[in-house]
Amino acid sequence: MASSATLKRWLRPEVYPLFASVGVAVGICGMQLFRNISTNPEVRVTKENRAAGVLDNFAEGEKYAEHALRKFVRNKSPEIMPSINSFFTDPKY
């Protein structure tokens, strides 16, 4: 088990945001790894699928590339806070 000095050094309230940000980053990396292994048409885990060679399966590749998040943000404005941006840029206010 960890010594008392190590716990006293690293488990302080000032370090909690660091743990949270590293945890979120590891979670995002794990999610992307799982997504690539499970749904990417170019990744073949089993030996039978690897022996198949190059497949011309364009429908599966299109399904992978056009995922739900991309469909959701496709018609959105590329602004973080559109109301504040329009307030400062629109002359009618």
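Going by the structure above, here's the rest.
Per-chain numbering applies: the sequence of each chain, read as written, is numbered from 1 onward. At least 70 in pLDDT is required for a residue's local features to be given in this predicted model, at least 80 for side-chain atom pairs to be given and counted, and no such filter applies to totals for whole chains, interfaces and linings, which use all residues. Hydrogens and water are ignored here; the side-chain numbers use all heavy atoms of the structure.

Trainee: Run through the overall build of the chain, naming residues and quoting values.
Mentor: Per the secondary structure count, the chain includes six helices and zero strands. The helix and strand labels rest on DSSP assignments: H or I over at least four residues marks a helix, E over at least two residues marks a strand, and numbering proceeds from the N terminus. Scanning the chain from its N terminus toward the C terminus, one meets helices and strands in the order α-α-α-α-α-α. What the globule rule says is 2.2 Å times the number of residues to the power 0.38, and the radius of gyration is computed from C-alpha atoms. Scaling as 2.2 N^0.38, a compact globule of 93 residues should have a C-alpha radius of gyration of about 12 Å, whereas the chain reaches 23 Å, well beyond that. Reported as C-alpha extents along the three principal axes, the dimensions of the chain are approximately 65 × 55 × 15 Å. A simple rule labels every residue: compare its accessible area, found with a 1.4 Å probe on the protein chains alone, to the largest value its type can have, and call it buried under 20%, exposed over 50%, or partly exposed in between. Here the chain, with 93 residues, has 3% of them falling under the buried criterion. Counting only carbon and sulfur atoms, one obtains 65% of the accessible surface of the chain, whose full area is about 8600 Å². We count Lys and Arg on the positive side and Asp and Glu on the negative side, and we leave His and both chain ends out. To locate a charge, take NZ of a lysine, CZ of an arginine, CG of an aspartate or CD of a glutamate. In the chain, which carries 13 positive and 9 negative side-chain charges, the distance between the mean positions of the two groups comes to 9 Å. For every accessible area listed, the method is Shrake-Rupley and the probe measures 1.4 Å; residues are considered covered only by the protein chains on display.

Trainee: If you had to explain the environment of Ala-5 to someone new, which residues and values would you point to?
Mentor: Here Ala-5 lies in helix H1 (residues 4-10). Overall, Ala-5 belongs to the exposed group, its relative accessible area being 59%. When the C-alpha positions of Ala-5 and Ala-25 are compared, they lie 27 Å apart, and in sequence the two are 20 residues distant.

Trainee: Any details on the environment of Ile-37? Residues and values, ideally.
Mentor: Locating Ile-37 in the fold gives a position in helix H2 (residues 16-39). The residues touching Ile-37, leaving out its near neighbours within four places in the chain, are Val-43 and Val-45. We call two residues in contact whenever any of their non-hydrogen atoms come within 4.5 Å of each other.

Trainee: Describe in detail the environment of Ala-59, supporting the description with residues and values.
Mentor: Here Ala-59 is to be found in helix H4 (residues 58-65). Residues Ala-59 and Pro-41 lie 18 residues apart in sequence; the distance between their C-alpha atoms is 9.8 Å.

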